[in-house]
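Chain and residue survey
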Amino acid sequence: QVQPWFKPGLRCESSRQVAMATGAAVSRVVLYERTARWNIENAQCLSLKPNTMYESDTLFDIPEGHRFSLQVFMGGHGAELENTSTQVGLFAHCTGYESCLQPLMWRPQLVCINQADATKNRMVLSSREQDAKELCRQSNQWSTIGSPDFIERAKLATDGFMVNGTLVFELRVKAW
């Protein structure tokens, strides 16, 4: 009988002999790549108080039960901040649904879209191995990756990132 994982024309007496003869297993990791944008209109009205977070709705999710959003801190983010900060913090946020049982590795790229000149987009966190994070071994886990000093607030309007009071952030994620 011809075994389906053998080359055509090779015959074997039993599947047990085939398994012992090949000695190999094949596994495939499913890689998800997603991109979404978050437009914030009237962003100049957001609080500049340090550690005040604004979070997008879910930008996308993947079939394994994880959803992704963005968090922005117009007044900066961090324990060392007092009353003022000149930085805007930006973070990618991932949570698992209640039914999520599989662990997930993920790497984000965070982009502030330059609406005046698309060649000058500001990106932080490239897709490097050390940026990957694992989450969701338990149903209530979440994970955040980002930068508390993503961009100087003063540069938003002067460098074309905020036009007519609108900011555009983009989240790119590779997850497996």
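Our structure's up above, just so we're on the same page.
Just so we're clear, the structure is a prediction, and the values are computed from it rather than from any experiment.

Now for the overall build of the protein chain. Each helix and strand counted, the protein chain has 2 helices and 11 strands in total. Taken from N to C terminus, the helices and strands of the protein chain fall in the order α-β-β-β-β-β-β-β-β-β-α-β-β. For the protein chain, the residues scored as buried account for 40% of the 176 residues in total. In the protein chain, once contacts between residues fewer than 6 apart in sequence are set aside, the share between residues at least 24 apart is 67%.

For strand β11 (residues 166-175), the tally of buried residues reaches 8 of 10 residues, placing the bulk of the element in the interior. Note that strand β1 (residues 32-40) and β11 share 9 bridges and pair antiparallel. Considered in β11, the bridge of A36 is made with L171. Of the strand pairs in this sheet, strand β10 (residues 162-163) and β11 are connected by 2 bridges, and their pairing is antiparallel. Paired with V163 across the two strands is T166, which belongs to β11.

Before going further, it helps to spend a moment on the environment of V29. Among the secondary structure elements, V29 is positioned in the loop between α1 (15-22) and β1. With relative accessibility at 61%, the residue V29 sits in the exposed group. Between the C-alpha atom of V29 and that of W176, which follows or precedes it by 147 residues, the distance is 6.6 Å.

Below, the discussion takes up the pairing of strand β4 (residues 66-73). Taking burial as the measure, the 8 residues of β4 include 7 buried ones, the bulk of the element. Pairing analysis gives 2 bridges linking strand β2 (residues 54-55) to β4, with the strands arranged antiparallel. Note that in β4 the partner of E55 across the bridge is Q71. Between the end of strand β3 (residues 60-62) and the start of β4, which pair antiparallel, lie 3 residues, with G65 showing a positive phi angle near 100°. Looking at chain direction, β4 and strand β5 (residues 87-96) are connected through 8 bridges and run antiparallel. Its bridge partner being in β5, V72 is matched across the sheet by L90.

Counting across every chain of the model gives 3 salt bridges. We note a salt bridge from E170 to R172, for which the minimum N-O separation is 2.6 Å. A network of salt bridges, in which partner residues are shared, links R37, E170 and R172.

Reading guide: rules and limits
- Residues numbered from 1 in each chain as written.
- Predicted model: local features only at pLDDT ≥ 70, side-chain atom pairs only at ≥ 80, totals over all residues.
- Heavy atoms only, no water.
- Helix = DSSP H or I, 4+ residues; strand = E, 2+ residues; numbered from the N terminus.
- Buried < 20%, exposed > 50% of the residue type's maximum accessible area, 1.4 Å probe, protein only.
- Contact = heavy atoms within 4.5 Å.
- Pairing = 2+ DSSP bridges.
- Salt bridge = Lys/Arg side-chain N within 4 Å of Asp/Glu carboxyl O.

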